[in-house]
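An overview of the molecular structure
For reference, the chains in residue letters:
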Amino acid sequence: MSTVDWELLRDTAVKAAGHAYCPYSGLQVGSAAVCDDGRIVTGCNVENASYGLGLCAECTMAGQLRLTGGGRFVAVTCRSGTGELLMPCGRCRQVLYELGGPDCLLDTPRGILPMSEVLPDAFGPDQLPEPPA
C-alpha cells in the first residue's frame, strides 16, 4: 500500500469511538486500521464492571480483522470520542505487532512510526519454538 489517508483513518476511529461502551471511565476509544487488502476495520472499547475484563478498542478491531477476511494491519490510529490521539497500551501494542508486524504504521505523538519503533525488540511468532510434529 503506497499511501494511507490518515485523515480518513482518524475520522473513522473517532466515529468508532462513538460506539464505545464506557460507563465506568467515560473515555470513548475508537481504533481504525487499513488492512493489506485496502479495507478498513474498526474497534471500540467495551468496559466491564469487573474493570480487568474490559476490552480495548484495538482488541475488538483485531476481532473485526479476523471476522471480515483476515489479512494484516498496514496502518493504525487510535482516537478518543473527541478526536484526541491515544496511544495503545502495552497489550494492544503486542496485538498490533502480531497482526501487523514490524512494518505496520502507527499514528503516535511523535508522528507516524513503524511498530518496530513503537515496540522495539518485540516478542512475536519468530520467538516461538516449532510445534511438535
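Counting of residues starts from 1 at the beginning of each chain's written sequence and follows it residue by residue. Where local features are concerned, this predicted model is filtered to residues with pLDDT of at least 70; where side-chain atom pairs are given and counted, the filter is 80 or more; whole-chain, interface and lining totals use all residues. The basis for every side-chain value is the complete set of heavy atoms in the structure, and neither hydrogens nor water enter the calculation.

**Details of the nonpolar core**
- Here, nonpolar core refers to any group of buried Ala, Val, Leu, Ile, Met, Phe, Trp, Tyr and Cys residues whose side-chain atoms link them within 4.5 Å. For every residue, the accessible area (1.4 Å probe, protein chains only) is compared with the maximum for its type, and the residue is labelled buried under 20%, exposed over 50%, or partly exposed between those bounds. One finds M61, F73, V76, L96 and M115 to be the most contacted residues of the largest nonpolar core, which totals 19 residues.
- Contacts are assigned to residue pairs that have any heavy atoms within 4.5 Å of one another. The residues touching M61, leaving out its near neighbours within four places in the chain, are S31, A32, A33, V41, T42, G43, F73, V76 and L96.
- Of all hydrophobic cores here, the second largest spans 7 residues; its members include V4, L9, A32 and A75.

**Quick word on the side chain of S31**
- For helices the rule is a DSSP run of H or I covering at least 4 residues; for strands it is a run of E covering at least 2, with both sets numbered from the N terminus onward. Relative to the elements of secondary structure, S31 occurs in strand β1 (residues 29–35).
- Within the local environment of S31, its side chain forms a polar contact with the backbone oxygen of A57, the two atoms lying 3.1 Å apart.
- With residues up to four places along the chain from it excluded, the contact list for S31 reads A13, A16, V41, T42, G43, A57, E58, M61, T77 and C78. Pairing of N or O atoms within 3.5 Å defines a polar contact, subject to two protein rules: one partner must be a possible hydrogen donor and the other a possible acceptor, and residues neighboring in sequence count only if both atoms are side-chain atoms.

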